[in-house]
Structure formats: C-alpha cells, structure tokens
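A structural walkthrough
In case you want the letters, here they are:
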Amino acid sequence: MKHLVCLAILLLPLPVFAQVHQPSRPQPYPVFETLQFRRAVERGTRTRTGRPGPKYWQQYAKYQLHATLDPASNRLSGDAMIRYDNHSPDTLHYLVLHLRQNVFRAGAVRNTEVPLTDGMQIHQVAVNGTPLFSSNRNNFEPGYTVTGALLWLRLPAKMLPGDSLALAISWSYSPPPAPGDGRQGQDGEVFFLGYWYPQLAVYDDVSGWATDPYLSQSEFYMGYADYDVRLTVPSGWLVAATGTLENSREIFSAATLARLKQATQSDDVVAVITPGNRADAYRQTGQQGL
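Residues numbered from 1 in each chain as written. Predicted model: local features only at pLDDT ≥ 70, side-chain atom pairs only at ≥ 80, totals over all residues. Heavy atoms only, no water.

On to the overall build of the chain, then. Within the chain, the secondary structure is distributed over 5 helices and 14 strands. Within the chain, contacts between residues at least 6 apart in sequence are counted, and of these 64% link residues at least 24 apart. Taken as a whole, the chain presents about 19,000 Å² of accessible surface, with 56% of it coming from carbon and sulfur. (Helix = DSSP H or I, 4+ residues; strand = E, 2+ residues; numbered from the N terminus. Contact = heavy atoms within 4.5 Å. Areas by Shrake-Rupley, 256 points an atom, 1.4 Å probe, with all protein chains shown as cover.)

What follows is the structure, encoded as structure tokens:
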C-alpha cells in the first residue's frame, strides 16, 4: 500500500511548499537566417517551421549505370544514361556533376593525406544525343570543363522549367589502395568502392547549384534519384551492394537461392554464402557461380 500511495503522490502536482529549485532551461543559441533562405520563404518554397512551403519543389534524376571491374588492371569502367527533370521554375543553361574520385589526383584540394591516382577520367559526354567535348574557352559554348572534383556541363540548348534531358557519360578510374580516403579502398582482393560514378549535384530553391567540393573528410548534399545498376565482375566474385537484386536466378545456384529464401523468412541468422561456397566458385570459374 505504501508503494501505491507514493506513486500517486509523484504523479500529482507538488504543493508550493514542496517545490525545489530547478536550474533554468538552457536557451538555444540564435539561428541566423541567410538572405537566400529568407528569399525562399518569401517565394513560398520554404517555411520557418521546417515544413516545405506550398511552392516547394525538388529536381529528379533517374540513373542507368553499368560498370565493369577489372581487378587485374585495377580499373573500373562505366557508362551511364541519366534522365534529368527540371522541376524548378528556373531556366538552366548548365549542369554540375560531382567527380569525387578526383580527390585522389595530384594537386587536388583535400583536408587529409590520401594515396594518389589519376582520378576519374571522362571519355564521352552527350546530351540528348549531341556529343560534347572538354573545353575551357568560355562559358557560352556547349561543352564541359573539369575543375577539381566538379564537372561543369554547358548545355547545347537551355533547359526550360518542366523540361527533361538525357545525359550519357562514360568514365573510368583506378580504385585507390586501402585505406583510400577512409571510406573506400582496395587491397587487390577486396574492393570497397565508393563514389564510383559521376553524380549530378543538387540544384535547390535556396542556393541553386550546391558545388561544395569533396575534400575526403566531409559529408555531402545529395538529391533523391532512382537507380538501375548493372555490375560486371569476374566469375565467382561476391558483390555486396544496396538495392533490390533483380536477376538472382541468373547468378546464383539453386542451393544459394534456397538459402536466400530461407533468410528472408527466418528470424535466425542464415549464412547465404559461406567461405566454402566461395572456394567452390573459384574452383569452378566459367561455370555457374555462387
């Protein structure tokens, strides 16, 4: 009974004579509003509560990526077809893409020491089927310019609000030796690959193009997009990646498929691929893999 009485008392407001002094609640430091954000609020795309404004918009991209890893030459080669939709009320004359592998180039701006590579090499670029070439002549002729870890792409025709375009780009790079930038690297046997494709920069309602460069120890601002990714690796290799695997029946044996199904239906830990499975796959190079 004493416990019940005490509990009831704790749940009731304390009388004045029983109140104890509590330290005042810390006041948060003032948040200073930038001119760009204030203008976005005035335009109706943002609010000061954090909710999107009634006129809020986001750009959209859909990536189709195909990359091939050749461990013997330590080279990843890729091709991309990107559909980019201009949901903004602005007319765009150029696009910006991140080439974050360029942080490993000699002379690149970065905030930590990293192993050096030749960065990301761009081989072909086309917009709506029109080839574009590297050019540093001026900002008005169609073409592209690479500065640090950014690619500035001057469009052959302006992109009006509501327009879409198709961007084709091919590239290659050498994955850096581990530990790379602390987030990726390879030791000749295990390849942990990050930032492996050219990625469109964010264009938003506050700042326009977000062009802060990747410095090796920093986070980034990324836009939402859809991805269709196809990876080609040597036979018998195990690939781990985010996303939904769509061709499991083409690359897995019946035994592996059965274990994969068991894993999706069980609360227990299920080893879908064991070291023994990997050894078998290496011995059977050229036959069905894992």
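Alright, that's what it looks like, and here's the rest.
The next point concerns the environment of L99. Checked against the element boundaries, L99 lands in the loop between strand 3 (92-98) and strand 4 (121-127). With a relative accessible area of 1%, L99 lands in the buried category. L99 sits 20 residues away from G119 along the chain, and the two C-alpha atoms are 8.3 Å apart. Apart from the residues within four sequence positions on either side, L99 is in contact with M120, I122, V146, A149, L151 and P198. (Buried < 20%, exposed > 50% of the residue type's maximum accessible area, 1.4 Å probe, protein only.)

Attention now moves to the pattern of salt bridges. Within this structure, the stated rule accounts for 7 salt bridges. Residue R48 pairs with E33 through a salt bridge whose shortest N-O separation is 2.7 Å. Here R48, found in the loop between helix 2 (35-43) and strand 1 (60-70), pairs with E33, found in the loop between helix 1 (2-11) and helix 2; they are 15 residues apart in sequence, far enough to count as distant. With relative accessibility at 56%, the residue R48 sits in the exposed group. With its nearest N and O atoms 2.7 Å apart, the salt bridge here joins R46 to D205. Of this pair, R46 sits in the loop between helix 2 and strand 1 while D205 is found in the loop between strand 12 (203-204) and strand 13 (208-209), placing the two residues 159 residues apart along the sequence. On the basis of relative accessible area, D205 is assigned to the buried category, the value being 5%. By sharing partners, the salt bridges in this structure join E33, R38 and R48 into a single network. (Salt bridge = Lys/Arg side-chain N within 4 Å of Asp/Glu carboxyl O.)

Judged by pairing direction, the sheet is antiparallel, and its 4 strands sit side by side in the order 6-7-3-11 without closing on themselves. Bordering the open sheet on either side are strand 6 (143-147) and strand 11 (199-200), each of which pairs with just one other strand. Strand direction decides the pairing type here: strand 6 and strand 7 (residues 150-159), joined by 5 bridges, are antiparallel. Bridge pairing in strand 7 links Y144 to L153. (Pairing = 2+ DSSP bridges.)

The next point concerns the layout of surface pockets. For the second largest pocket, the calculated volume is near 280 Å³. Broken down by secondary-structure element, the contributors of at least two residues to the lining of the second largest pocket are strand 1, strand 11, strand 12 and strand 14 (225-232). Broken down by element, the residue count for the lining of the second largest pocket peaks at 3 residues, all from strand 1. When its residues are assigned to classes, the lining of the second largest pocket shows 15 nonpolar, 4 polar and 3 charged. (1 Å grid on protein atoms, 1.4 Å probe; cavity = no way out; pocket = protein on both sides within 12 Å on 5 of 7 lines; lining within 4 Å. Points joined across faces, edges and corners; volume = space filled by probe spheres on them. Nonpolar A, V, L, I, M, F, W, Y, C, P; charged D, E, K, R; others polar.)

Summed over the entire model, instances satisfying the criterion amount to 13 aromatic pairs. Relative to Y227, the ring of Y63 lies with its centre 4.7 Å away and its plane at 5 degrees, an arrangement referred to as stacked. Remark: Y227 occurs in strand 14 and Y63 occurs in strand 1; sequence separation between them is 164 residues. You can call Y63 buried: its relative accessible area is 2%. (Phe/Tyr/Trp six-rings, centres within 6.5 Å; stacked < 30°, edge-to-face > 60°.)

With respect to topology, 6 strands assemble into an open sheet ordered 5-4-8-2-1-14, the strand pairing being mixed. Across the chains shown, the open sheet's two edge strands, defined by having one partner strand only, are strand 5 (130-132) and strand 14. Between one strand axis and the next, the sheet turns through 15 degrees on average, direction left out of account. As judged from the 6 bridges shared by strand 4 and strand 8 (residues 164-173), these two strands associate in the antiparallel manner. Bridging from a neighbouring strand, Q124 pairs with S170 of strand 8. (Axes fitted to C-alpha atoms, helices over the stretch in contact; angles between N-to-C directions.)

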